[in-house]
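Here are the chains, one letter per residue:
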Amino acid sequence: MSGNNGIIDPSIDELLKQVESKYSLVTFAAQRARQINDYYSDLHDGKLYENIGPLVDCSVDDKPLTIALHEIAEGKLELSTDQA
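All of these numbers come straight from a predicted model, not from anything done at the bench. (Residues numbered from 1 in each chain as written. Predicted model: local features only at pLDDT ≥ 70, side-chain atom pairs only at ≥ 80, totals over all residues. Heavy atoms only, no water.)

**Some details on the overall build of the protein chain**
Now for step 1: A tally of regular secondary structure across the protein chain gives three helices and zero strands.
Now for step 2: Contacts spanning at least 24 positions in sequence make up 59% of the contacts within the protein chain whose residues lie at least 6 apart. (Helix = DSSP H or I, 4+ residues; strand = E, 2+ residues; numbered from the N terminus. Contact = heavy atoms within 4.5 Å.)

**A few points about the pattern of salt bridges**
Opposite charge on two side chains allows them to pair when their charged atoms are near.
Now for step 1: As enumerated under the stated definition, the model contains one salt bridge in all.
Now for step 2: Between Glu71 and Arg32 there is a salt bridge whose closest N-O contact spans 2.6 Å. With Glu71 in helix 3 (residues 64-73) and Arg32 in helix 2 (residues 22-45), this residue pair connects regions lying 39 residues apart in the sequence.
Now for step 3: Given a relative accessible area of 0%, Glu71 falls into the buried group.
Now for step 4: Arg32 sits in the buried class, given a relative accessible area of 4%. (Salt bridge = Lys/Arg side-chain N within 4 Å of Asp/Glu carboxyl O. Buried < 20%, exposed > 50% of the residue type's maximum accessible area, 1.4 Å probe, protein only.)

**Observations concerning a nonpolar patch on the surface**
Now for step 1: Judged by side-chain polarity, Tyr40, Leu43 and Leu48 come together as a nonpolar surface patch covering roughly 270 Å² of accessible area.
Now for step 2: Tracing the sequence through the fold places Leu48 in the loop between helix 2 and helix 3. (Patch = residues over 30% accessible without salt bridge, like charges linked within 9 Å, V, L, I, M, F, W, Y side chains within 5 Å. Areas by Shrake-Rupley, 256 points an atom, 1.4 Å probe, with all protein chains shown as cover.)

**Things to note about the side chain of Ser24**
Now for step 1: With respect to the helices and strands, the residue Ser24 is situated in helix 2.
Now for step 2: With a relative accessible area of 8%, Ser24 lands in the buried category.
Now for step 3: Residues contacting Ser24, with those up to four places away along its chain left out, are Val19 and Leu79.

**A word on the confidence of the model for the protein chain**
Now for step 1: Averaged over all residues, the pLDDT of the protein chain equals 84, while 86% of them reach at least 70.
Now for step 2: Within the protein chain, the lowest mean pLDDT, 90, falls on helix 1 (residues 12-16), and the highest, 93, falls on helix 3. (pLDDT = per-residue confidence, 0-100.)

**Quick notes on helix 2**
Now for step 1: Spanning 24 residues, helix 2 covers 34 Å between terminal C-alpha atoms, matching the ideal 34 Å at 1.5 Å per step.
Now for step 2: Within helix 2 the residues assigned to the buried category are Ser24, Leu25, Phe28, Ala29, Arg32, Ala33, Ile36 and Asp42.
Now for step 3: Buried positions along helix 2 lie against helix 1 and helix 3.
Now for step 4: Among the residues trailing helix 2, Gly46 stands out with phi positive, at a value near 85 degrees. (Expected span 1.5 Å × (residues − 1).)

The following block contains the structure:
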């Protein structure tokens, strides 16, 4: 990821190629962002391997939701049918 481009990068059109609807995208990204946030909290508390960290290169300034959207856009995550 180059720089802090926010929601514009990746584009909504690119993200919607990975999921069926905007609703699915929002719930999927929010769930993954919570996992990433929990991962960072676990690191701070000294716990390891309870949550999976970012699957893409990211900067220190990237928010968990931005990281989640990049993971979805790059195909690092797959929405299962029972999550949709």
